[in-house]
Each structure stands twice: as C-alpha cells, then as structure tokens.
Amino acid sequence: MVRPNNKRKRVSKIKDKEKAHPYSRKARQINRAMHKETNIAKAKSERINAALGRGQKIVWFRDNMDKSDDSDEEDDEEEKEEEEDKADAKLKKKMWTMLELRQL
C-alpha cells in the first residue's frame, strides 16, 4: 500500500489552524507537525551538547599535552594565545546557542 506524501511538515504551513476542531483531521495534522518540530529541536540540542563535550575534551588534551619540540617557543606561545582566543570565541558562541535552545 502506497502512502500519500502530501502531509504538512511545519505548523507554519497549515492554514486556519485556529479554527480547527479538536478531533478534526486538521488538529491531527497540527499535532503531527508540532511533534515533528519538537523532535527536531531536541535532536539538534543533543547534537550540540555532544559536539561541545567533544570540543572541550579536545581543548583540554591540546592544552595539557607535553610539547616534544621546544624550538621557537616564542612563536608557539603567540600562536597558542591566538588559538585560545579563537577557541574562547567559538565556545562563547556555542554557549549562547545552547542558552537560546534551552529557551525553546
């Protein structure tokens, strides 16, 4: 049996959603779309949390590893400071996105 592929995927695409009777087809359509949107938001936040954890782990290992080559220490320190600034900026950006997702 072939199922139709004409279902509305987003709540914003459904017309006259305020007028829908609680047991109507339109109400089921709205519920289905809302459920899909919440699942998508939940999956997105889980992916972001996992990426943050991996990123923090990588940063920790990078900062705590012993350097075997100590030639150009001054250059390495400058580059390390620049990389830390970039990593801090990225982390702050990700933290803001996490705060925004929690408000959803």
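Provided above is the structure to which this section pertains.
Read on for an overview of the structure. Since this is a predicted model, take the numbers as computed values, not measurements. (Residues numbered from 1 in each chain as written. Predicted model: local features only at pLDDT ≥ 70, side-chain atom pairs only at ≥ 80, totals over all residues. Heavy atoms only, no water.)

All right, on to the overall build of the chain then. The helix and strand tally for the chain stands at two helices and zero strands. Classification of the 104 residues of the chain by burial places 11% in the buried group. Summed over all atoms, the accessible surface of the chain reaches about 9,800 Å², with 51% contributed by carbon and sulfur. (Helix = DSSP H or I, 4+ residues; strand = E, 2+ residues; numbered from the N terminus. Buried < 20%, exposed > 50% of the residue type's maximum accessible area, 1.4 Å probe, protein only. Areas by Shrake-Rupley, 256 points an atom, 1.4 Å probe, with all protein chains shown as cover.)

So, on to the pattern of salt bridges. If charged atoms from side chains of opposite charge come close, those side chains can pair. Taken as a whole and assessed by the stated rule, the structure comprises one salt bridge. A salt bridge links Arg62 to Asp63, with the nearest nitrogen and oxygen atoms 3.4 Å apart. The exposure class assigned to Asp63 is partly exposed, which follows from its relative accessible area of 31%. (Salt bridge = Lys/Arg side-chain N within 4 Å of Asp/Glu carboxyl O.)

This brings us to the packing of aromatic side chains. For the structure on display, the rule yields one aromatic pair. Here the aromatic rings of Trp60 and Phe61 are separated by 5.0 Å at their centres, their planes lie at 85°, and the arrangement is edge-to-face. Take Phe61: its relative accessible area is 45%, and that puts it in the partly exposed class. (Phe/Tyr/Trp six-rings, centres within 6.5 Å; stacked < 30°, edge-to-face > 60°.)

Okay, a nonpolar patch on the surface next. On the surface, a cluster of nonpolar side chains totalling about 380 Å² of accessible area is made up of Trp60, Phe61 and Met65. Within the element layout of this structure, Phe61 appears in helix H1 (residues 25–64). (Patch = residues over 30% accessible without salt bridge, like charges linked within 9 Å, V, L, I, M, F, W, Y side chains within 5 Å.)

Right, let's talk about a positive patch on the surface for a bit. On the surface, a cluster of positive charge is made up of Lys7, Lys9, Arg10, Lys13, Arg25, Arg28, Arg32 and Lys36. Structurally, the position occupied by Arg32 is in helix H1. (Lys, Arg positive; Asp, Glu negative; His and termini not counted. Charge placed at Lys NZ, Arg CZ, Asp CG, Glu CD.)

This brings us to a negative patch on the surface. A contiguous patch of negative charge on the surface is contributed by Glu77, Glu78, Glu79, Glu81, Glu82, Glu83, Asp85 and Asp88. In this fold, Glu81 is placed in helix H2 (residues 73–103).

Looking now at the side chain of Ser24. Considering the arrangement of structural elements, one finds Ser24 in the segment before H1. Judged by its relative accessible area of 18%, Ser24 is buried. Polar contacts involving the side chain of Ser24 include one to the main-chain amide nitrogen of Ala27, which spans 3.2 Å. (Polar contact = N/O pair within 3.5 Å; in protein donor to acceptor, adjacent residues only side chain to side chain.)

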